[in-house]
Amino acid sequence: MSIARVAPREYHWLVDLTPKLAAAYEAAKSEVIAAGRYLGRRQYHVALAGNVSARVSEDLLVCTRHGADKQTLVQDDLVLCDMSGRKLDGAGEATSELNMHREAYKLRPEVRMVIHSHPPAATAFAATSTPLDQLQLPEMIVLLGPVGLVQYATPGSDELAQNLSLLLKDHDAFLLENHGALTLGRTARQAALRMDLLEQNARVSLMTKQLGRPFALDHASLDTLLSFRSQMANWGSEPLSTRQTAD
Ligand SMILES: [Zn+2]
């Protein structure tokens, strides 16, 4: 089998990847950069906070380095790790919150991207430990799904990853109690747009509380939307980068 050498720069760890894995690594890096810019423009990553990762293979992921500015990500802001957290390539150190990402990839084999950020309205719900479970808007049910409320633990700790793992099976979007938000996707587009939907859910929930009681769907209407959700599991297959607008 022919081997492609990745990481030509001397400060990088040397790791040999097959051509197929090397191509997957390059594609994953592009998607993380695109997602960082997409979310950065929306002010979801204030003060360098938050982190983004993408799956390269069953055993490998690429994540943002600790302290990277997500809106202006470049290749040197990315770190290749295996699922045990061991760094294999990259100029910096992996995000301190890598545990959550690893847990999501381990328990959800179909997930290709994990995003953790702090959008303000969703973070307000997280900061008050208020569940985001009031709205029955069609887009929220079909594209976002139920939002898990993850019990607080210190950011980056094994305990927080453990708390997240309890909800990973049934959710693609999460509030991290007194911390921020996390979304998953089978594609980068899914994970990024779910962060948008989560923030929209929080904003509309706040406005709805001012106006009255949220509309409650009857069982038949709800079932119809839930069936759309299962039929549309692969929405957002187009790479995020092809729909990027200029900064
Ligand atoms: Zn965080």
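Predicted model, so just to flag it, every value in this text is computed and none were measured.

Conventions we followed
Residues numbered from 1 in each chain as written. Predicted model: local features only at pLDDT ≥ 70, side-chain atom pairs only at ≥ 80, totals over all residues. Helix = DSSP H or I, 4+ residues; strand = E, 2+ residues; numbered from the N terminus. Rg over C-alpha atoms; globule rule 2.2 N^0.38 Å. Buried ≥ 20, exposed ≤ 12 C-beta atoms within 10 Å, placed from the backbone. Contact = placed C-beta atoms within 7 Å. Pairing = 2+ DSSP bridges. Right-handed = clockwise from strand over helix to strand, strands pointing away. Expected span 1.5 Å × (residues − 1). Axes fitted to C-alpha atoms, helices over the stretch in contact; angles between N-to-C directions. Parallel < 35°, antiparallel > 145°, perpendicular 65-115°, else oblique. Left-handed = near helix turned anticlockwise from the far one by under 90°. Core = buried A, V, L, I, M, F, W, Y, C linked by C-beta atoms within 7 Å.

With that out of the way, let us pick up the overall build of the protein chain. Each helix and strand counted, the protein chain has 7 helices and 10 strands in total. What you see for the protein chain is a C-alpha radius of gyration of 18 Å, in line with the 18 Å of a compact globule of 247 residues. Summarising its shape, the C-alpha atoms of the protein chain cover approximately 60 × 40 × 35 Å along the three principal directions. Split into buried and exposed, the 247 residues of the protein chain put 42% on the buried side. Residue pairs in contact within the protein chain that sit at least 24 positions apart in sequence constitute 68% of those at least 6 positions apart.

Turning next to the pairing of strand β9 (residues 173-176). Of the two faces of β9, the one lined by Ala173 and Leu175 and the one lined by Phe174 and Leu176 are each fully buried. When strand β8 (residues 147-150) meets β9, the two strands line up parallel, connected through 4 bridges. Bridge assignment links Gly148 to a residue of β9, and that residue is Phe174. In the classification by handedness, the crossover that spans β8, the intervening helix α5 (residues 158-165) and the parallel β9 is right-handed.

It is worth spelling out helix α1 (residues 19-41) at this point. Given 3.6 residues per turn, any residue in an α-helix points the same way as the ones three and four places further on. Given a rise of 1.5 Å per residue, 23 residues ought to cover 33 Å, and the 33 Å separating the end C-alpha atoms of α1 matches this to within 8%. Phi turns positive one or two residues past the end of α1, at Gln43, with a value near 65°.

In this section: the sheet that holds strand β5 (residues 78-82). The mixed open sheet is built from 8 strands, whose spatial order is β6-β5-β4-β3-β7-β10-β9-β8. Of all the strands in the sheet, just β6 (87-89) and β8 have a single pairing partner and so form its edges. Strand-to-strand twist of the sheet, defined as the mean angle between neighbouring strand axes without regard to direction, takes the value 25°. Of the pairings in the sheet, the one linking strand β4 (residues 60-64) to β5 comprises 5 bridges and is antiparallel in character. Bridging across to β5, Cys63 finds its partner in Val79.

Quick look at the packing of helix α3 (residues 120-127) against helix α6 (residues 188-211) now. Interhelical geometry of α3 versus α6 gives an angle of 70° and a closest axis separation of 7 Å. The angle between α3 and α6 falls in the class roughly perpendicular. Here α3 contributes Ala121, Ala122, Ala124 and Phe125 to the contact with α6, which in turn contributes Leu198, Glu199, Ala202, Arg203 and Leu206.

So, about the packing of α1 against α6. Look at α1 against α6: their axes get within 10 Å of each other, and the N-to-C directions meet at 15°. One way to sum up the angle between α1 and α6 is to call them roughly parallel. The crossing of α1 and α6 is right-handed. Across the interface between the two elements, Glu31, Ala34, Ala35, Tyr38 and Leu39 from α1 touch Ala188, Ala191, Ala192 and Met195 from α6.

Right, let's get into unusual backbone geometry. Its identity is not glycine, yet Gln43 carries a phi of approximately 65°, on the positive side. The exposure class assigned to Gln43 is partly exposed, which follows from the 13 C-beta atoms found within 10 Å. In this model, Ser129 sits at a positive phi of 50°, which is unusual for a non-glycine residue. Relative to the elements of secondary structure, Ser129 occurs in the loop between α3 and α4 (138-144).

Structurally, the position occupied by Asp16 is in strand β2 (residues 15-17). On the basis of neighbour count, Asp16 is assigned to the exposed category, with 12 C-beta atoms found within 10 Å. Distance from Asp16 to Leu88, taken between C-alpha atoms, is 9.5 Å for residues 72 residues apart in sequence.

Right, let's get into the environment of Pro19. Along the polypeptide, Pro19 turns up in helix α1. Considered as a pair, Pro19 and Asn51 are 32 residues apart in the sequence and their alpha carbons are 27 Å apart.

Turning our attention to the nonpolar core. Ranked by internal contacts, the top residues of the largest apolar core, which has 64 residues, are Ala35, Val62, Ile115, Leu175 and Ala192. Every residue in contact with Ile115, bar those within four places of it in the chain, is listed here: Ala35, Leu39, Val52, Leu182, Thr183, Ala191, Ala192 and Met195.

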